[in-house]
Amino acid sequence: MAARDFGVLRRVATGSWLGLTEQRQGYGTEMRGAVLALAFDGLGAELAETEAFLDDPASAGVSRAIGYVPNGVGWLAPNGVARPTQRFLLTRERWSARPRAHVAIDGLEGCRELFGATR
């Protein structure tokens, strides 16, 4: 998870990568859910963005399953090679409306303002 001007924009970007042996076991969905719980529930984010390479439908499927909706196209250049992506967006409202596992966040109060989060 990354953010710039979080205290003003309340927007985060998420990304993840799993090796082939860890894929299709639910780890990606669990990992993304935990990060989004920190963003929305812990820090008060209003928006989360992510993107997936067009040739990686499994990654896009994880984003859709969590509630992200398509939000345009983009490009990333891993290893110096440009590759097209599908961008996705998740709002606080969509996050809050979907059933999800409870995530306990411990120790955040002491550092919340370091993130620019005031709530």
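Residues numbered from 1 in each chain as written. Predicted model: local features only at pLDDT ≥ 70, side-chain atom pairs only at ≥ 80, totals over all residues. Heavy atoms only, no water.

A.B. asks: Give a detailed account of helix α3 (residues 57-66), specifying residues and quantitative values.
C.D. replies: All of the buried residues in α3 are Ala-60, Val-62, Ser-63 and Ile-66. Taken around the axis of α3, the buried residues stretch over an arc of 155 degrees, which confines them to a single face. With its phi angle positive at about 120 degrees, Gly-67 sits one or two positions after the end of α3. (Buried < 20%, exposed > 50% of the residue type's maximum accessible area, 1.4 Å probe, protein only. Helix = DSSP H or I, 4+ residues; strand = E, 2+ residues; numbered from the N terminus. Arc of directions from axis to C-beta.)

A.B. asks: Describe in detail the confidence of the model for the protein, supporting the description with residues and values.
C.D. replies: For the protein, per-residue confidence averages 85 on the pLDDT scale, and 89% of positions sit at 70 or higher. Taken element by element, the protein is modelled with least confidence in helix α2 (residues 27-42), mean pLDDT 83, and with most confidence in strand β4 (residues 83-91), mean pLDDT 96. (pLDDT = per-residue confidence, 0-100.)

A.B. asks: Describe the nonpolar core, naming the residues involved and giving the relevant values.
C.D. replies: In this structure, Leu-36, Phe-40, Ala-48, Ile-66, Tyr-68, Leu-90 and Trp-95 are the most contacted members of the largest nonpolar core, which totals 19 residues. Secondary structure elements with two or more residues in this core: α2, β2 (47-53), α3 and β4. At four residues, the largest contribution of residues to this core is made by α2. Contact partners of Trp-95, with chain neighbours within four places excluded, come to Gly-33, Leu-36, Ala-37, Phe-40, Asp-41, Ile-66, Leu-90 and Arg-100. (Core = buried A, V, L, I, M, F, W, Y, C linked by side-chain atoms within 4.5 Å. Contact = heavy atoms within 4.5 Å.)

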